[in-house]
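Coordinate inspection notes
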Amino acid sequence: MDNLKLAALLFSEIEKTPEYYEEAYPQRKLKEGARVTRFAPSPTGFLHFGNLFSCLVSYKTAKTTDGVFFVRVEDTDSKRKVEGAIEVMLKGLSVYGIAPDEGVIAEGKEKGEYGPYYQSARKEIYQAYAKRLVEQGLAYPCFMTPEELDEIRASQENESIKGIWGKYAKHRDLSLEEIEKRISSGELWTLRLKSPGSLEGKCFFDDMIRGKIEMPENVQDVVILKSDGIPTYHFAHAVDDHLMRTTHVVRGDEWIASTPIHLQLFRVLGFKPPKYAHIAPIMKEENGGKRKLSKRKDPEAAVTYYAEQGYPSESVNEYMLTLANSNFEDWRRVNQNEALEKFPFNLKKMSVSGALFDLAKLEDVSKNVICKMPAKKVYELSYEWAKEYCPELAALYEKDAERATAILNIDRENKKPRKDIAKWSDIPDYVSYMYDESFVPCFELTGNATPALAVKVLEKYRNTVNLNDTKDEWFERIKGMCESVGCTPNVKEYKQNPEAFEGHVGDVSTVIRVALTGRTNTPDLYSITALLGEKTVSERLDKALEYYKENV
Ligand code: GLU
């Protein structure tokens with residue numbers, strides 16, 4: 001067989017050579033040890049939490065080594081293309097602070113010397129490399145029809161090795177004449193790799209996350225170009241990651257099974273293979289077992305979920321690092337106020353079996369992040385969120401931004417800030433009693449506080465409350481009225497002799513708290529009282545008094 005003739009026949013329009021591209025995309029000039037990674041989404045328009053997670057891992061891998069992180073759009077499957085998908089994905093990344101150094105940086109907009117970064121614009125490049133493989137006798141056209149392939153697939157049901165190999169690779173050795181004849185009669189062809197693998201052969205590689213992996217060598221004559229001349233993922237990623245000088249391919253572990261194919265492709269193409277880091281999928285606990293976080297079953301699988309719920313990006317990033325590196329939480333304990341970027345991310349510390357997604361844990365992490373934010377930041381971020389997702393809260397804020405900030409500042413900006421807010425969508429409920437529009441009275445009491453005690457407390461308190469009090473004066477006033485309502489200002493004293501009192505200062509406060517807020521647990525009652533203002537305070541005290549009088 002004259003391979004050169006065959007290559008010229010199959011790729012008559014391809015003039016540029018691999019040498020041309022090797023020169024056009026030279027080795028990057030980066031410092032020793034710098035890693036080049038990429039995010040390579042198919043433009044489906046849906047950003048799965050798992051994608052964001054693996055993107056973050058890829059990004060960190062580059063950033064912690066002063067390397068390069070780029071975005072390449074894998075849009076060779078036109079059936080799966082969705083309008084506006086790239087924008088959705090890039091926006092998803094930018095929310096979490098992932099800004100590509102290079103590649104597709106906006107829909108239709110590219111940056112960098114290693115493009116084009118849309119695979120659909122790289123057809124000629126793939127074909128130049130495919131042509132070279134044909135010239136070297138390492139690839140061949142295959143004319144098998146979909147029906148024939150289906151038949152083979154069905155017949156292989158009980159075989160351990162599937163696909164086109166050995167006796168199934170019927171068109172491996174067609175003569176040039178035969179090929180010419182088929183092509184001129186309009187038969188469609190795909191280009192297959194002539195796999196140099198053997199059944200006894202082994203493929204070894206050192207996965208950055210999983211360590212040494214040994215698998216059978218690939219023997220399949222996999223398709224590298226489809227009948228429309230578009231490459232398969234296997235072939236495209238090999239050519240792209242080589243020419244874009246990717247050093248580390250971070251991707252989902254569903255690709256492990258194909259890695260022997262990929263390594264073989266790198267070998268026949270004469271490329272140095274990248275290092276692979278295969279990330280296990282994010283798991284969820286269900287009925288005592290584990291399953292993958294699912295786009296269909298779990299709303300939190302969509303990255304948009306976090307924005308809708310109003311989790312600050314800082315929280316999600318922080319949470320992703322707890323999932324990514326087992327030592328992150330220890331680091332955080334020691335470096336409480338350090339920026340996330342300072343964390344020495346390490347691929348080797350990633351879970352092999354799949355990190356477990358836990359919404360409660362995210363809430364915890366997020367509460368810790370939010371409690372450290374100054375009130376102004378909480379106000380600004382939650383206002384941005386509210387404008388999009390909660391117009392009622394935005395309207396409340398707009399009535400008086402200063403007051404809203406002061407409300408958010410209660411028990412904040414101190415050594416032990418409260419951790420009530422995990423996400424912005426918690427705020428409407430959290431602040432509801434601070435606004436007459438959203439206040440829902442509730443007169444249920446706890447502890448020793450009874451309606452009878454409440455009547456006494458409120459009758460007294462409505463006449464003594466003074467909004468000009470300092471915090472100490474205010475508390476003294478409450479303590480001061482204890483005796484007159486049959487309580488003690490001293491909790492210890494109450495505990496020693498409970499029969500002697502109707503309750504203690506805590507119970508007196510509960511009555512006031514419930515009257516003013518409808519709740520038994522709130523942040524600092526003094527600040528709440530001051531921010532409610534005289535009119536609201538006296539109205540609410542009166543309403544509560546009325547209620548308890550009727551319900552003694
Ligand atoms: N386009 C592939 C995917 O979305 C990319 C895999 C890779 O990162 O190489 O699964």
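Computed from a predicted structure; not experimentally measured. (Residues numbered from 1 in each chain as written. Predicted model: local features only at pLDDT ≥ 70, side-chain atom pairs only at ≥ 80, totals over all residues. Heavy atoms only, no water.)

1. Examining the overall build of the protein chain
Worth spelling out the cut-off: Secondary structure elements are taken from DSSP: a helix is a run of H or I of four residues or more, a strand is a run of E of two residues or more, and numbering for both begins at the N terminus. Note on method: radius of gyration uses C-alpha positions; expected globular size equals 2.2 Å times residues raised to 0.38. To sort residues, take the accessible area from a 1.4 Å probe on protein chains only and compare it with the maximum for the residue type: under 20% means buried, over 50% means exposed, and anything in between is partly exposed. Any pair of residues with heavy atoms lying within 4.5 Å of one another is described as a contacting pair. Areas reported here follow the Shrake-Rupley algorithm with a probe of radius 1.4 Å; residue values treat only the protein chains shown as occluding.
When helices and strands are tallied, the protein chain shows 23 helices and 16 strands. Taken over the C-alpha trace, the protein chain has a radius of gyration of 33 Å; the compact-globule value for 552 residues is 24 Å, which it surpasses by more than 25%. Along the longest, intermediate and shortest principal axes, the C-alpha atoms of the protein chain span 110 × 45 × 45 Å. The 552 residues of the protein chain split such that 51% are buried. Taking contacts inside the protein chain between residues at least 6 apart in sequence as the whole, the part at least 24 apart equals 74%. Carbon together with sulfur atoms contributes 49% to the accessible area of the protein chain, which is approximately 27,000 Å² in total.

2. Observations concerning the side chain of threonine 37
As for its placement among the helices and strands, threonine 37 is situated in strand S1 (residues 36-39). Since its relative accessible area comes to 0%, threonine 37 is described here as buried. For threonine 37, the contacting residues outside a window of four places in its chain are Ser58, Tyr59, Thr61, Ala62, Val68, Phe69, Phe70, Thr246 and His248.

3. Here we look at the environment of aspartate 207
Defined as follows: Here a polar contact means two N or O atoms within 3.5 Å. Within protein one must be a hydrogen donor candidate and the other an acceptor candidate, and residues neighboring in sequence count only if both atoms are side-chain atoms.
Considering the arrangement of structural elements, one finds aspartate 207 in strand S7 (residues 202-207). Contacts of aspartate 207, omitting those with residues within four sequence positions, involve Ile213, Tyr276, Ala277 and His278. A polar side-chain atom of aspartate 207 sits 2.8 Å from the main-chain amide nitrogen of isoleucine 209. Engagement of the side chain of aspartate 207 in a polar contact is seen with the backbone nitrogen of arginine 210, the distance being 2.9 Å.

4. Examining the sheet that holds strand S2 (residues 68-71)
What counts here: Note on pairing: two strands pair once DSSP finds at least 2 bridges between them. For helices, the fitted axis covers only the stretch in contact; all axes are lines through C-alpha atoms, and the angles between them, taken along N-to-C directions, range from 0 to 180 degrees.
A sheet is described by the order of its strands in space; here 4 strands give the open sequence S1-S2-S3-S4, paired in mixed fashion. Edge positions in the open sheet fall to S1 and strand S4 (109-111), since each of these has one partner strand only. Ignoring which end each strand starts from, the neighbouring axes of this sheet average 35° apart. Note: S1 against S2, 4 bridges, orientation parallel. Among the inter-strand pairings, arginine 38 is bridged to a residue of S2, identified as phenylalanine 70. Strands in contact with helix H3 (residues 49-63) are S1 and S2; relative to S1, the strand with the most contacts, it is inclined by about 160°.

5. Comments concerning the site of the ligand
This is how the line gets drawn: Note on terminology: near, applied to a residue and a molecule or strand, indicates that one of the residue's heavy atoms is within 4 Å of it. Each residue receives one of three labels: charged for Asp, Glu, Lys and Arg, nonpolar for Ala, Val, Leu, Ile, Met, Phe, Trp, Tyr, Cys and Pro, and polar for the others, Gly being one of them.
As a matter of local geometry, the ligand sits amid Arg38, Ala40, Ser42, Glu74, Tyr233, Arg251 and Trp255. Serine 42 places a side-chain nitrogen or oxygen 3.3 Å from a nitrogen atom of the ligand. One of the side-chain nitrogen or oxygen atoms of tyrosine 233 is found 2.3 Å away from an oxygen atom of the ligand. With the chains in place, 80% of the 300 Å² that the ligand exposes on its own is no longer accessible. Residues that form the shell around the ligand fall into these classes: 3 nonpolar, 1 polar and 3 charged.

6. Details of helix H15 (residues 391-399)
Defined as follows: The arc in question is formed by the directions pointing from the helix axis toward the C-beta atoms.
What H15 keeps buried is the set Leu393, Ala394, Leu396 and Tyr397. Down the axis, H15 shows its buried residues gathered within 160° of arc, on one side only. Seen from the open side of H15, the exposed residues pointing more than 90 degrees away from its buried face are Pro391, Glu392, Glu398 and Lys399. Summarising the contacts, the buried residues of H15 are in contact with helix H14 (375-389), helix H16 (401-408) and helix H17 (427-431).

7. Quick word on empty space enclosed by the protein
Rule in force here: Here a cavity is any set of points on a 1 Å grid over the protein atoms alone where a 1.4 Å probe fits but cannot get out, and a pocket is any open set with protein on both sides within 12 Å along at least 5 of 7 lines; a residue lines the site when it has an atom within 4 Å of a point. Grid points are joined across faces, edges and corners, and a volume is the space filled by probe spheres set on the points.
Applying the stated rule across the entire model yields 4 cavities of 30 Å³ or more. Reported here for the largest cavity is a volume of approximately 60 Å³. Taken together, Ile370, Cys371, Ile410, Asp411, Arg412, Arg418, Lys419, Asp420, Ile421 and Tyr430 make up the lining of the largest cavity. A breakdown of the residues in the lining of the largest cavity according to their chemical character gives 5 nonpolar, no polar and 5 charged. As a volume, the second largest cavity reaches approximately 50 Å³. Residue composition of the lining of the second largest cavity, grouped by class: 5 nonpolar, 2 polar and 1 charged.

8. A word on the nonpolar core
What counts, and what does not: The nonpolar core is taken to be a set of buried Ala, Val, Leu, Ile, Met, Phe, Trp, Tyr and Cys residues, with the residues joined through side-chain atoms within 4.5 Å.
Counting residues in each nonpolar core, the largest one holds 100 residues, and the members touching the most others are Phe49, Leu191, Phe235 and Leu269. Looking at which element gives the most residues to this core, the answer is H3, with 8 residues. Among the nonpolar cores identified, the runner-up in size contains 56 residues, and Val369, Ala515, Leu516 and Leu541 belong to it.

9. A look at helix H8 (residues 233-243)
Among the 11 residues in H8, 11 count as buried, and that is most of the element. Among the residues making up H8, those that are buried are Tyr233, His234, Phe235, Ala236, His237, Ala238, Val239, Asp240, Asp241, His242 and Leu243. Positive backbone phi, at 60°, marks arginine 245, one or two positions downstream of H8.

10. Let's talk about the pairing of S7
Of the two faces of S7, only one is covered, namely that formed by Cys203, Phe205 and Asp207; the face formed by Lys202, Phe204 and Asp206 stays uncovered. The pairing of S7 with strand S8 (residues 211-216) spans 6 bridges and is antiparallel. Bridged to aspartate 207 within S8 is glycine 211. Hairpin connection of S7 to S8: 3 residues between the antiparallel strands.

11. Thoughts on the sheet that holds strand S6 (residues 190-193)
Taken together, 3 strands build an open sheet; the order of strands is S5-S6-S9 and the sheet is antiparallel. Each end of this open sheet is capped by a strand with a single partner; those strands are strand S5 (139-142) and strand S9 (223-225). Strand-to-strand twist of the sheet, defined as the mean angle between neighbouring strand axes without regard to direction, takes the value 45°.

12. Considering the packing of helix H18 (residues 451-464) against helix H21 (residues 505-517)
For the record, the criterion: Here the angle decides the label: under 35 degrees means roughly parallel, over 145 means roughly antiparallel, 65 to 115 means roughly perpendicular, and every other value means oblique.
Two elements in contact, H18 and H21, have axes separated by 10 Å at closest approach and are oriented at 75°. Considering the angle they form, H18 stands roughly perpendicular to H21. Facing Leu453, Ala454, Val457, Leu458 and Tyr461 of H18, the residues of H21 in contact are Asp507, Val508, Val511, Ile512 and Ala515. Classifying every residue of the contact of H18 with H21 gives 9 nonpolar, no polar and 1 charged.

13. What to know about the pairing of S6
Two faces, one strand: in a regular strand the side chains alternate between the faces of the sheet. The two faces of S6 match: Thr190 and Arg192 on one face and Leu191 and Leu193 on the other face are all buried. Summarising the sheet, S5 and S6 pair through 4 bridges and their orientation is antiparallel. Residue cysteine 142 lies in a different strand from S6, and its bridge partner there is threonine 190. As defined by bridge partners, S6 adjoins S9 across 2 bridges and the pair is classed as antiparallel. Paired with arginine 192 across the two strands is valine 223, which belongs to S9.

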